[in-house]
Number of protein chains: 2
Amino acid sequence: MPPPPIIPTRIGIVGLGLIGGSLALDLCAQGHEIWGVSRRDTTCQRALQQSIVHHASTNLASLAPVDVVFICTPISAILPTLSELAAHLTPTTVVTDVGSVKGSLVTQATELWPRFVGGHPMSGKAEAGLTAATPHLFQQRPYVLTPLPSTPADAVEQVTALIRQLGSTLYIANPDDHDQAVALISHLPVMLGASLLHTCTTSPQQTLAQQLASSGFKDTSRVGGGNPELGRLMAQYNQPALLAALAHYQSQLTQLTQAIADSDWNRVESYLTAAHQDRPAFVTGA
Amino acid sequence: MPPPPIIPTRIGIVGLGLIGGSLALDLCAQGHEIWGVSRRDTTCQRALQQSIVHHASTNLASLAPVDVVFICTPISAILPTLSELAAHLTPTTVVTDVGSVKGSLVTQATELWPRFVGGHPMSGKAEAGLTAATPHLFQQRPYVLTPLPSTPADAVEQVTALIRQLGSTLYIANPDDHDQAVALISHLPVMLGASLLHTCTTSPQQTLAQQLASSGFKDTSRVGGGNPELGRLMAQYNQPALLAALAHYQSQLTQLTQAIADSDWNRVESYLTAAHQDRPAFVTGA
């Protein structure tokens, strides 16, 4: 079945960093008309020079003509941005965001703007900012939408159509399920890795451990040693789901520790065998 | 300063798998005369065909003429092998091993053979067996020797000289310090990763978690989803050090969890900042 024809859409993008810039790149290339908004005029000028936006402004009011807005600010700025933006949009406009935690944010955003569709593209790279923007960043990557029962179906369809054009793999989830899943696969690994590093640095064998650490330690600790500000935001915005995941993890680790303390090597090997067999389902295409 | 001239040595290697085969390859290339011993005659024949050994046998008695023996069997076979080997060696022969846990093994091996020098090359790859043997596997990788105060200095020097010829970075540690360090950087990450996988597979959000898991989850869980038999052996042979590391880790994770539960975001960020700053010292060259 051929893909449906692309209907050119007037798209606003607030926040021209890695995600906003990469969205602008791909959506511009698809033939849509892009309005960019950045707090900094230099970023607006750069986006215009790179021809990834057709219009750019530091003023949210400039988005009055658009059909769909992607809010690509840091998570703490999403609701304040939407609150200000709401005064300028026409009532049919659809607003979506790219925040990594959805839960209460989706409820609050929907109160501000009924045609809000929560979104979370699971794409990223270590670098930040417009200079890190990359074509096809979202291709073959998961992109989750978290509509509420009250979200108008045509608003969801409009965002869905754009996301399919990015080549993403679309998932629909309710906001709380989304937050629990990202707590498990994204936020929990950060806390485990950071705790592993602290365990080593507070050990009498710290120096020898540093000398002997190899690729296994490097991989296990990678996200735990990542950007601390991002890690704090994960904990802050996804606190209940992360605490539940941590409690569940502590009980799993305690089970394994008990098997080791009991010298029950068959139980230890069964536990590790299940992990070995279950892992491939989590890392397909990752 | 030029490296000291290589004095050709008669070297026995018991166990021609990844480590034994790779040692044979490099030491043969350095001009030493190599006696290989494998349980299987087909492995002996293959090692001879590949010209990585000069002599090969399934019989430990064949090692009577050698000056230095590397025991490269699985860890459970090291002491039985040494026990049988001791009857065939001349008293001046030095014996070393490549087991990943040292502790009581070094004490027991020294009782069987006073000129025993515990060793642990921190080199590996996913594949096993002679077909996986690789030249320069030990180059620029840590190689730990764990002599006891009673170990003859000339025996340590003889093994040291060979290890330097492999291009390894040599470390000397006492056996218990070694075991604590590898518990932290090698065995603990396996248990954390396996527990992370179990946390996800026993969660109601397992399916969504699988769909959304990305490179961060892949890396954090890699060694946890590794060879379960190797994982069991780590726990079995390094039980006290691993249990101490797990207890220490649990207390570190509890500190971080408490900061999140307290909504003390500054404390969370400080914890993550320390992890971020401390990690580079563990991953230099890894």
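A few points on the structure. Computed from a prediction, not measured in an experiment: that's the story for all the values here.

**Remarks on the overall build of chain A**
Counting its regular elements, chain A contains eleven helices and nine strands. With the principal axes as the frame, chain A shows a C-alpha extent of 70 × 40 × 40 Å. Relative to its full complement of 286 residues, chain A shows a buried share of 56%. Summarising the internal contacts of chain A: among those between residues at least 6 apart in sequence, 66% fall at separations of at least 24. When the accessible surface of chain A is split by element, carbon and sulfur atoms take 53% of a total near 11,700 Å². Looking at charge distribution, chain A has the averaged site of its 14 positive side-chain charges lying 7 Å from that of its 19 negative ones.

**A word on the pairing of strand E8 (residues 142-145) of chain B**
Residues and elements named next belong to chain B. Along E8, one buried face is formed by Pro 142 and Val 144 and the opposite face, lined by Tyr 143 and Leu 145, is buried too. Where strand E7 (residues 119-121) and E8 come together, three bridges link them in antiparallel fashion. Within the sheet, the bridge partner assigned to His 120 lies in E8 and is Val 144. Direction of pairing for E8 relative to strand E9 (residues 169-172): parallel, over a ladder of four bridges. From the neighbouring strand, Pro 142 faces E9, where its bridge partner is Thr 169. Between the parallel pair E8 and E9, the chain is carried across by helix H5 (residues 153-165), and the sense of this crossover is right-handed.

**Some points on the interface of chain B and chain A**
Taken together, the 87 residues of chain B in the interface contact 87 residues of chain A. In total, about 8,400 Å² of surface goes out of reach between chain B and chain A, with carbon and sulfur atoms giving 68% of it. For the chain B face of the interface with chain A, the top three residues by lost area are Leu 212, Arg 279 and Phe 282 of chain B, together amounting to 9%. Counting the contacts that link chain B with chain A gives four salt bridges. Residues Asp 219 of chain B and Arg 222 of chain A are paired through a salt bridge, measuring 2.6 Å at the closest nitrogen-oxygen approach. In this assembly, chain B and chain A are joined by 30 residue pairs in polar contact (both at pLDDT 80 or more). Mapped by element, the contributors of at least two residues to the side of chain B that touches chain A are E8, helix H6 (175-201), helix H7 (206-212), helix H8 (215-221), helix H9 (228-237), helix H10 (239-261), helix H11 (265-278) and helix H12 (280-283) of chain B. Top element by residues in the side of chain B that touches chain A is H6 of chain B. It accounts for 20 residues. Tallied by class, the residues present in the side of chain B that touches chain A amount to 45 nonpolar, 32 polar and ten charged.

**Quick word on the pattern of salt bridges**
Residue and element names in this part refer to chain A. Applying the stated rule across the entire model yields 14 salt bridges over all chains. Across the pair Asp 154 and Arg 115 runs a salt bridge whose closest N-O atoms are separated by 2.7 Å. Residue Asp 154 is found in helix H5 (residues 153-165), and its partner Arg 115 is found in the loop between helix H4 (103-112) and strand E6 (116-117); the two are separated by 39 residues along the sequence. Take Asp 154: its relative accessible area is 38%, and that puts it in the partly exposed class. When the shortest N-O distance is used, the salt bridge between Asp 262 and Arg 267 registers 3.2 Å. Given a relative accessible area of 35%, Arg 267 falls into the partly exposed group. Residues participating in the shared-partner salt-bridge network are Asp 262, Asp 264 and Arg 267.

**Some thoughts on helix H2 (residues 41-49) of chain B**
Counting along an α-helix, one turn takes 3.6 residues, and residues three or four places apart therefore face a common direction. Residues and elements named next belong to chain B. Of all the residues in H2, the buried ones are Thr 43, Cys 44 and Ala 47. Looking straight down H2, one finds its buried side chains confined to an arc of 105°; they lie on one side. Opposite the packed face of H2, turned more than 90 degrees from it, sit the exposed residues Thr 42 and Gln 49. In this structure, the buried side of H2 is in contact with strand E3 (55-57).

**A few points about the relation of the copies chain B and chain A**
Overlaying chain B with chain A gives an RMSD of 0.0 Å, the required rotation being 180° about an axis along which the chain moves by 0.0 Å. What we have between these two chains is a two-fold relation. When C-alpha distances to the rotation axis are compared across chain B, the minimum falls at Thr 220 of chain B, with a value of 2.1 Å. Comparing contact sets, 100% of the residues at the interface of chain B also lie at the interface in chain A, consistent with an isologous, same-surface contact.

**Describing unusual backbone geometry**
All names here are of chain B. For Ser 51, which is not glycine, the phi dihedral falls at a positive 55°. Within the fold, Ser 51 resides in the loop between H2 and E3. For Ser 263, which is not glycine, the phi dihedral falls at a positive 55°. Examined against the element boundaries, Ser 263 turns out to sit in the loop between H10 and H11. A residue is classified by how much of its surface remains accessible, and Ser 263, at 35% relative accessible area, is partly exposed.

**Overview of the sheet that holds E8 of chain B**
Residue and element names in this part refer to chain B. Strand order in this open sheet of three strands is E7-E8-E9, and the pairing throughout is mixed. The open sheet terminates on both sides in strands that have one partner only, identified here as E7 and E9. Pairwise comparison of adjacent strand axes, ignoring direction, gives a mean angle of 20° for this sheet. Lying on the sheet, H5 is in contact with E8 and E9; it crosses E8 at an angle near 175°.

**Some words on the packing of helix H3 (residues 78-85) of chain A against H4 of chain A**
Helix-helix packing is characterised by the crossing angle of the two axes and by the distance between the axes. Residue and element names in this part refer to chain A. Contact pair H3 / H4: the axes reach a minimum separation of 10 Å and the direction vectors enclose 10°. By the angle between their axes, H3 is roughly parallel relative to H4. Each of Ile 78, Leu 79, Leu 82 and Ser 83 in H3 lies in contact with H4, whose residues at this interface are Leu 105, Gln 108, Ala 109 and Leu 112. Looking at the contact of H3 with H4, its residues break down into six nonpolar, two polar and no charged.

**A few points about the sheet that holds strand E5 (residues 94-97) of chain A**
All names here are of chain A. Pairing is parallel in the open sheet, where six strands are placed in the order E3-E2-E1-E4-E5-E6. Each end of this open sheet is capped by a strand with a single partner; those strands are strand E3 (55-57) and E6. As paired strands, strand E1 (residues 10-14) and strand E2 (residues 33-37) are joined by five bridges and run parallel to one another. The partner of Val 14 across the bridge, within E2, is Val 37. Its contacts with the sheet place H3 against E1, strand E4 (68-71), E5 and E6, and it is angled at close to 150° to E4.

**Points about the pairing of strand E5 (residues 94-97) of chain B**
Residues and elements named next belong to chain B. The two faces of E5 match: Val 94 and Thr 96 on one face and Val 95 and Asp 97 on the other face are all buried. Pairing between strand E4 (residues 68-71) and E5: four bridges, direction parallel. Along E5, the bridge assignment pairs Val 69 with Val 95. Considered for its hand, the β-α-β crossover made up of E4, helix H3 (residues 78-85) and E5 is right-handed. With two bridges connecting them, E5 and strand E6 (residues 116-117) associate as parallel partners. Bridge pairing in E6 places Thr 96 opposite Val 117. You can see the chain leave E5, run along helix H4 (residues 103-112) and come back into E6, and the turn it takes is right-handed.

So, how was this worked out
Residues numbered from 1 in each chain as written. Chains lettered and ligands numbered in written order. Predicted model: local features only at pLDDT ≥ 70, side-chain atom pairs only at ≥ 80, totals over all residues. Heavy atoms only, no water. Helix = DSSP H or I, 4+ residues; strand = E, 2+ residues; numbered from the N terminus. Buried < 20%, exposed > 50% of the residue type's maximum accessible area, 1.4 Å probe, protein only. Contact = heavy atoms within 4.5 Å. Areas by Shrake-Rupley, 256 points an atom, 1.4 Å probe, with all protein chains shown as cover. Lys, Arg positive; Asp, Glu negative; His and termini not counted. Charge placed at Lys NZ, Arg CZ, Asp CG, Glu CD. Pairing = 2+ DSSP bridges. Right-handed = clockwise from strand over helix to strand, strands pointing away. Buried area = accessible area lost by both parts, 1.4 Å probe. Salt bridge = Lys/Arg side-chain N within 4 Å of Asp/Glu carboxyl O. Polar contact = N/O pair within 3.5 Å; in protein donor to acceptor, adjacent residues only side chain to side chain. Nonpolar A, V, L, I, M, F, W, Y, C, P; charged D, E, K, R; others polar. Arc of directions from axis to C-beta. Least-squares fit on C-alpha atoms with pLDDT ≥ 70 in both. Axes fitted to C-alpha atoms, helices over the stretch in contact; angles between N-to-C directions. Parallel < 35°, antiparallel > 145°, perpendicular 65-115°, else oblique.

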